[in-house]
Amino acid sequence: MARRPLIAGNWKMHKTVAEALALVRDLKRLVAQVRDCDIAVAPPYTALFPVAKAIEDSNLRLAAQELFYENKGAFTGAVCGPMLEEVGCHYVIVAHSERRQLFGETLVTSGKRVKAAFAAGLTPIFCIGETLAERQANDTMKIVAAQLDAGIEGLPAATLRRLVVAYEPVWAIGTGVVATPQQAQEVHQMIRERLRARDPEAAATIPLLYGGSVKADNAKELLAQTDIDGALVGGASLDAESFAGIVKAASVRTRGQ
Ligand code: PEP
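Please read all numbers here as calculations on a predicted model, not as lab measurements.

1. Comments concerning the environment of valine 79
Consideration 1: When you line up the elements, valine 79 lands in the loop between β4 (60-64) and α3 (81-86).
Consideration 2: For valine 79, the contacting residues outside a window of four places in its chain are Tyr45, Leu67, Phe68 and Leu84.

2. Things to note about the site of the ligand
Consideration 1: Taken together, 14 residues lie near the ligand, and Lys12, His96, Glu168, Gly174 and Ser213 sit nearest.
Consideration 2: Within the contact set of the ligand, an oxygen atom lies 2.5 Å away from a side-chain nitrogen or oxygen of lysine 12.
Consideration 3: Within the complex, the protein chains bury 97% of what would otherwise be the 300 Å² of accessible surface of the ligand.
Consideration 4: Looking at the shell around the ligand residue by residue, the classes come out as 4 nonpolar, 8 polar and 2 charged.

3. As for unusual backbone geometry
Consideration 1: If you check the backbone angles, lysine 15 has positive phi at about 90 degrees while not being a glycine.
Consideration 2: Its location among the elements puts lysine 15 in the loop between β2 (6-10) and α1 (17-31).
Consideration 3: Of note in the backbone geometry, alanine 95 takes a positive phi value of approximately 65 degrees without being a glycine.
Consideration 4: Judged by relative accessible area, alanine 95 falls into the buried class, the value being 2%.

4. Some points on helix α5 (residues 107-119)
Consideration 1: For α5, built from 13 residues, the straight-helix expectation of 18 Å at 1.5 Å per residue is met to within 8% by its first-to-last C-alpha distance of 19 Å.
Consideration 2: For α5, the complete set of buried residues consists of Thr109, Ser110, Gly111, Arg113, Val114, Ala116, Ala117 and Phe118.
Consideration 3: Those residues of α5 hidden inside the fold are in contact with β5 (89-94), β6 (123-128), α7 (140-152) and α8 (157-160).
Consideration 4: Two residues or fewer past α5, glycine 121 is found with a positive phi of approximately 85 degrees.

5. Here we look at the pairing of strand β3 (residues 38-42)
Consideration 1: A large share of β3 lies buried, amounting to 5 of its 5 residues.
Consideration 2: Because side chains alternate across β3, one face comprises the buried residues Asp38, Ala40 and Ala42, and the other comprises Ile39 and Val41, equally buried.
Consideration 3: Bridging between β2 and β3 involves 5 bridges; their strand directions are parallel. Paired with asparagine 10 across the strands is alanine 42, a residue of β3.
Consideration 4: Of the crossover connections in this fold, the one passing from β2 over α1 to the parallel β3 is right-handed.
Consideration 5: Sheet analysis places β3 next to β4, joined by 3 bridges and oriented parallel. Directly across from valine 41, in β4, lies its bridge partner leucine 62.
Consideration 6: In this fold, β3 hands off to helix α2 (residues 45-54), which returns the chain to β4; that crossover is right-handed.

Each value, and the rule that gives it
- Residues numbered from 1 in each chain as written.
- Predicted model: local features only at pLDDT ≥ 70, side-chain atom pairs only at ≥ 80, totals over all residues.
- Heavy atoms only, no water.
- Helix = DSSP H or I, 4+ residues; strand = E, 2+ residues; numbered from the N terminus.
- Contact = heavy atoms within 4.5 Å.
- Near = heavy atom within 4 Å.
- Polar contact = N/O pair within 3.5 Å; in protein donor to acceptor, adjacent residues only side chain to side chain.
- Areas by Shrake-Rupley, 256 points an atom, 1.4 Å probe, with all protein chains shown as cover.
- Nonpolar A, V, L, I, M, F, W, Y, C, P; charged D, E, K, R; others polar.
- Buried < 20%, exposed > 50% of the residue type's maximum accessible area, 1.4 Å probe, protein only.
- Expected span 1.5 Å × (residues − 1).
- Pairing = 2+ DSSP bridges.
- Right-handed = clockwise from strand over helix to strand, strands pointing away.

What follows is the structure in structure tokens.
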């Protein structure tokens, strides 16, 4: 079964509405010819609706950076899945390490968010990854496996098959220190095997993205790895030329197994 590459840009807390519209205008032009790769942008909440309108006629899809797992109620500052779906989101990032480190997200709440995203018709991009201390203690595989298990617990196989997983070593996010292709592949392979044990079709279909200091000049080697199907990109997604360079590195072949 073929897996299409996915390159997703996480803009974090960057870009006003005017800046967001300028970025997608340039990006649309630069990637207009790309047919063999899915492309997503995740602007901040304030820019979701205008960006949705601006990309309607393009090959870009909209992602949100986070959702809460309840659908309504007294949850000041929170936004739920149905609201994101209504403004045109296709994907939502779940459990990004900055949410885990700064906003108190836990293994339990990441699982609730994954389920809430699916219930709203969104595709979760579920983030997992170890800290530097965990890697140095040789705990990478154990930590990442536990995070994966918590996020997919209780999902029926047919739902699981629609998940996107992003392996993002925390030490590589925004640091300029990228995992070597071998380091990333090792973890991706473990994730794929763990998914296979749950459901062979899920292992074959779920795109596994790598995230952590991906740039146009290191993307090709990372994406050449058997189990790396795309990238979740932070800093380099804020500039149309550099993000388009990563998309082009991914669009050279459709992956499969
Ligand atoms: C991210 O925040 O998901 C990320 C991978 O950031 P960067 O590309 O800047 O390391």
